[in-house]
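Commentary on secondary and tertiary structure
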Amino acid sequence: MTDRGIKRFDELNIARLSLISVQERIPADYRDWVVELEDGDRRYRVTCQALPEYGVPHGIDTDISAALVNLYIDQGSPTDGTVTCTPYQLLMMAGLDTSGRYYATLDESLKRLTTTTYFIAEGWRDHPRGRWTNVNFRYIDRIEFTSGQAEKLDASSVLRITLPQEIARSVRAGYIKSLDLSFMQTLKRPPTRALYRLLDAQRRDPENPDAVAMAYQVGLMEWAEACKIVTDRPSMAQRTLDSAHEELIEKGFLKSVEYLGRGKKKLLQYTFGEAFIPPDPALLQELAELGITQTRALQLVREHGESGVEDAVARCRAILANGYKPRSKPAFYVDVLKNPTKYQMPEGAVEPQKRPSKAQEGRRRGVGQPTLFDEASGASQEEVQDEDALLRAQPREKQVEEVMRTLTFLLRNDLKLIELDTLRVALDEGLEDPLEIKAWAIKGIATGQKMSIVRDLRTRLSLKPLLEVSS
């Protein structure tokens, strides 16, 4: 499926509290930490306790944690906090390599996130009620997965992960910010990605998340504590951060980083790049409805400015409303943006008023996300056929992953985990054609025959020789 119109987000509490160390590697005995930090007049305390065999979350755990939040949103933010996916989907969402060695790394990361407990005093924002609260949770409340080997995750596993209610409720309440995941994934090392995620959250007012600062000042040792850097030496803290600073400046996210003062009283002064002022989420949604991907939308905003992009949206919508039918809406929009005098507004046309975006509506009633059928309804039959043709040209393992992504989303509440695993085996072993299964299931569900599809699928799979032997 295309990523058209699907935005990426970060839950603001997680991002601001920096629950995951920015360090790529940690000392062998680093199994707990406690930080007490100030935010204006408010002082809060965060405690982390991990099992000795795994240590505190660090490194790629920041990528996995961000991916889990976005998979949860993509799957409709169910009230039970569950995410159903394959390891491949999780690694893809995290922007990590999907080769064999990363499955063991993912297994370790999920174990750390499942066995580590956080205690937060006066630091967790209950945004709908406008208050700061005390909470304790594990980043992953529960995890189930199928596997060919006991207790070991592998490429053919199917995962069902339950997020804690504290995180799930906050996401559904809309206490989120946009996350430029495509940019984050261009950063080479986990410490840089973790620092980017933290800085992008800290520049926002936690009580008014739409307010974004262009500069941020913090004490160096306080910042080292916030980043969970294990040192009491300012020079070591600075060296640990410097390589991440250099990459963020090179990429344009930071305009400059200055150190002010000396010793343990040294301050860090961050100035953010103007190109990374987050666009209005409503504008991103309107661009998505015109077929502009989020990555392309961010590029256009950076090149032409938010007001220019917004004006082109209004002009484009007015021309389309007058009956003009371009061969490609995205290409037509870009042409209107780059050549504003080329197209005349229809005589008597009134530029359409900006309506609330799905993201804005989501903040009022919880995060409402597009479903697979919402995506399909916005695509022409020709586009759907093109996507199917592209998928058919992919290697079989890619087809299987795409079909599993679709069917775990559609049937995650109807099939048990072992049944999803049985489906995966049938696809992997060539007992079923992935694209045939996908088309059959989507057609049945779209015509209101979901339970019949579930019953027929169970019957269809149970007749396979491989499954009879394994049972």
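For clarity, every value in this text was computed on a predicted model and none was experimentally measured. (Residues numbered from 1 in each chain as written. Predicted model: local features only at pLDDT ≥ 70, side-chain atom pairs only at ≥ 80, totals over all residues. Heavy atoms only, no water.)

Things to note about the overall build of the protein
Operational definition: Each helix corresponds to a stretch of at least 4 residues labelled H or I by DSSP, and each strand to a stretch of at least 2 residues labelled E; elements are numbered beginning at the N terminus. The classification of residues rests on relative accessible area computed with a 1.4 Å probe and restricted to protein chains. Under 20% of the type maximum is buried, over 50% is exposed, and intermediate values are partly exposed. Here, residues are in contact when the closest pair of their heavy atoms is within 4.5 Å. Only the protein chains shown count as cover for residues, and all accessible areas are computed by the Shrake-Rupley method using a 1.4 Å probe.
Secondary structure assignment for the protein yields 21 helices and 14 strands. Residues counted as buried form 52% of the 471 residues belonging to the protein. Looking at the protein alone, contacts between residues at least 24 apart form 69% of all its contacts between residues at least 6 apart. Total accessible area on the protein is roughly 21,900 Å²; 48% of this is exposed by carbon and sulfur atoms.

Some details on helix α4 (residues 101-115)
Selection rule: For a helix, the expected span equals 1.5 Å multiplied by the residue count minus one.
If you check α4, its first and last C-alpha atoms are 22 Å apart, about what 15 residues at 1.5 Å a residue would give, namely 21 Å. Within the span of α4, buried status applies to Y102, Y103, L106, D107, S109, L110, R112, L113 and T114.

Topic: the side chain of T84
The condition that has to hold: Counting of polar contacts relies on pairs of N or O atoms within 3.5 Å, with two restrictions inside protein: one atom must be capable of donating a hydrogen and the other of accepting it, and residues adjacent in sequence are counted only when both atoms are side-chain atoms.
Here T84 lies in strand β4 (residues 82-85). Of the polar contacts made by the side chain of T84, one reaches the side chain of R160; its length is 3.3 Å. Once residues within four sequence positions are removed from consideration, T84 is found in contact with Q75, V158, L159, R160, T408, R412 and L420.

What to know about the sheet that holds strand β2 (residues 32-39)
The line we're drawing: Should DSSP find at least two bridges between two strands, the strands are regarded as paired. Helix axes are fitted only over the stretch in contact, all axes being lines through C-alpha atoms; the angle between N-to-C directions runs from 0 to 180 degrees.
Spatially, four strands are ordered β2-β3-β5-β6 in an open sheet, and the strand pairing comes out antiparallel. Strands with a single pairing partner mark the edges of an open sheet, and in this sheet they are β2 and β6 (131-138). Looking at each pair of strands side by side, their axes are set apart by 20° on average, direction ignored. Sheet analysis places β2 next to strand β3 (residues 42-49), joined by eight bridges and oriented antiparallel. Note that in β3 the partner of E36 across the bridge is R45.

Notes on the sheet that holds strand β13 (residues 254-260)
Taken in spatial order, the three strands make up an open sheet running β12-β14-β13, and their pairing is antiparallel. Looking at strand neighbours, the two that pair on one side only are β12 (215-219) and β13, the edges of this open sheet. Geometrically, the sheet is characterised by an average inter-axis angle of 15° between neighbouring strands, direction not taken into account. Pairing of β13 with strand β14 (residues 267-272) involves six bridges; the strand directions are antiparallel.

Let's talk about the side chain of Q269
Positionally, Q269 belongs in strand β14. At 2.8 Å, the side chain of Q269 and the side chain of Q217 are in polar contact.

Observations concerning helix α18 (residues 417-428)
Taking 1.5 Å of rise per residue, the twelve residues of α18 would be expected to cover 16 Å, and the 16 Å separating its terminal C-alpha atoms lies within 8% of that figure. Taken as a whole, α18 has its buried residues at L417, E419, L420, D421, L423, R424, A426 and L427. Within two residues after α18, G430 carries a phi angle of roughly 75°, on the positive side.

Notes on the nonpolar core
Applied cut-off: Definition used in this section: a nonpolar core is a set of buried Ala, Val, Leu, Ile, Met, Phe, Trp, Tyr and Cys residues joined via side-chain atoms within 4.5 Å.
In terms of nonpolar packing, the biggest core is built from 82 residues, with I64, L90, L199, W223 and Y270 touching the most fellow members. The element that contributes the greatest number of residues to this core is helix α2 (residues 61-74), accounting for eight residues. Of all hydrophobic cores here, the second largest spans 23 residues; its members include L391, V403, L435 and L461.

Side note on the packing of helix α17 (residues 396-411) against helix α19 (residues 434-446)
Put simply, the rule reads: Here is the rule for angles: anything less than 35 degrees is roughly parallel, anything more than 145 is roughly antiparallel, 65 through 115 is roughly perpendicular, and the remaining ranges are oblique. Crossings are assigned a handedness: left-handed for a near helix turned anticlockwise from the far helix by less than a right angle, right-handed for a clockwise turn. Residues are grouped as follows: Ala, Val, Leu, Ile, Met, Phe, Trp, Tyr, Cys and Pro are nonpolar; Asp, Glu, Lys and Arg are charged; every other residue, Gly included, is polar.
At their nearest, the axes of α17 and α19 sit 9 Å apart, and the two run at 20° to each other. Taken together, α17 and α19 sit at an angle that is classed as roughly parallel. As for the relative orientation of α17 and α19, their crossing is left-handed in sense. Note on element contacts: α19 touches α17 through P434, L435, I437, K438, A441, I442 and I445, opposite R396, Q399, V400, E402, V403, T406, L407, L410 and L411. Considering only residue class, the contact of α17 with α19 consists of eleven nonpolar, two polar and three charged.

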